[in-house]
Amino acid sequence: VLDLRGEGWGRHSLVWGTNGAREVRITLFDAELALEQDPRAGSHGTTVWESSAVFAKWVERHRRSWPLPAASSAPRPTCVEFGAGLGLSSLALAARGVSCVATDLPEVLPLLKRNLATNSRLLSVPPPGAAAW
């Protein structure tokens, strides 16, 4: 298990290897997410990429400076994430009220769907949609 929970994990080095870990844990919006990964699958979409962790933490950190319209005043923004992998970026956006569809290759989809379903409950948001491309 690779554990990215806690304050300030990204202040120093953002280079960390997830190869070999079956699960990556990260705190996001006060929820402790557990992303299942399969480093032996032979697809880049089955492990957490550093860029998705950086983006998710950026969304969390800038939530006050990046306001979304009130639900009654405008439709929710929509995002389609191509190559979502394990879905961390889509989960971060969904936690901010963005309607997301996470896409990836058919062989990655089962892992993506499991991670979206499990972790969206922890964030108390509807799970992003998942589709193959």
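Below or above, wherever it landed, is the structure these notes cover. Predicted, not measured: the structure shown is a model, and the values here were computed from it. In this convention, every chain numbers its residues from 1, walking through the sequence in written order. Reporting of local features is limited, given that this is a predicted model, to residues whose pLDDT is at least 70; pairs of side-chain atoms are given and counted only at 80 or more, and all residues count toward the totals for whole chains, interfaces and linings. Side-chain measures here rest on the full set of heavy atoms in the structure, leaving out hydrogens and waters.

This brings us to the nonpolar core. In this structure, Leu 28, Leu 33, Leu 88 and Leu 123 are the most contacted members of the largest nonpolar core, which totals 28 residues. Only strand E2 (23-28), strand E3 (31-36), helix H1 (50-61), helix H2 (88-95), strand E5 (99-104) and helix H3 (109-123) provide two or more residues apiece to this core. As used here, the term nonpolar core means buried Ala, Val, Leu, Ile, Met, Phe, Trp, Tyr and Cys residues forming a set that is joined through side-chain atoms within 4.5 Å. Relative accessibility decides the category of a residue: with a 1.4 Å probe and only protein chains considered, values under 20% of the type maximum give buried, values over 50% give exposed, and everything between is partly exposed. A run of H or I in DSSP counts as a helix once it spans at least four residues, and a run of E counts as a strand once it spans at least two, with each numbered from the N terminus.

Moving on, we get to H3. To estimate the expected span of a helix, count its residues, drop one, and scale the result by 1.5 Å. Between the first and last C-alpha of H3 there are 21 Å, a value that for 15 residues agrees with the 21 Å anticipated at 1.5 Å per step. Those residues of H3 that sit buried are Leu 109, Leu 111, Leu 112, Asn 115, Leu 116, Asn 119, Ser 120 and Leu 123. Along the long axis of H3, the arc covered by the buried residues comes to 150°, so they all point the same way. Two residues form a contact once any of their heavy atoms are found within 4.5 Å. Of the surrounding elements, those touching the buried residues of H3 are E2, E3, H2, E5 and strand E6 (129-132). Downstream of H3 by a residue or two, Ser 124 has a phi angle that is positive, lying close to 60°. The directions considered for the arc are those from the helix axis to the C-beta atoms.

Only centres within 6.5 Å qualify two rings of Phe, Tyr or Trp (six-membered ring in Trp) as a pair; their planes then separate them into stacked at under 30 degrees, edge-to-face at over 60, and tilted for everything else. In this structure the tally under the stated criterion is one aromatic pair. Ring plane angle 15° and centroid distance 6.4 Å describe the contact between Phe 55 and Trp 58, whose orientation is recorded as stacked. With a gap of three residues between them, Phe 55 and Trp 58 both fall in helix H1, about one helical turn apart.

Next up on the list: the pattern of salt bridges. Pairing between side chains becomes possible if they bear opposite charge and their charged atoms approach one another. The term salt bridge refers to a side-chain nitrogen of Lys or Arg lying within 4 Å of a carboxyl oxygen of Asp or Glu. On inspection of all chains with the given rule, the structure shows four salt bridges. Residue Glu 23 is joined to Arg 25 by a salt bridge in which the shortest nitrogen-to-oxygen separation is 2.7 Å. Exposure remark for Glu 23: the relative accessible area of 22% places this residue in the partly exposed category. With a closest N to O distance of 2.7 Å, Glu 60 and Lys 57 form a salt bridge. A residue pair is termed a helical-turn pair when its members lie 3 or 4 positions apart in one helix, as Glu 60 and Lys 57 do in helix H1 at three residues. Taking the relative accessible area as the measure of exposure, Glu 60 reaches 13% and is therefore buried.

This part covers the sheet that holds E5. Between any two strands, at least two bridges found by DSSP are needed for them to pair. Read from one edge to the other, the open sheet built from three strands follows the order E4-E5-E6, with strand pairing classed as parallel. The open sheet has two edge strands with one neighbour each: strand E4 (78-82) and E6. Each strand axis lies, on average, 20° off the axis of its neighbour in the sheet, ignoring direction. In this sheet, E5 lies alongside E4 in parallel orientation, the contact comprising five bridges. Opposite Thr 78, over in E5, you have Ser 99 as the bridge partner. Sheet strands touched by H2: E4 and E5. Its angle to E5, the strand with the most contacts, is close to 175°. Lying on the sheet, H3 is in contact with E5 and E6; it crosses E6 at an angle near 175°. Under this scheme, a helix contributes an axis fitted over its contacting stretch, all axes are lines through C-alpha atoms, and angles between N-to-C directions fall in the 0 to 180 degree range.

Interpretation note: all reported values are geometric properties and have no functional meaning in isolation.
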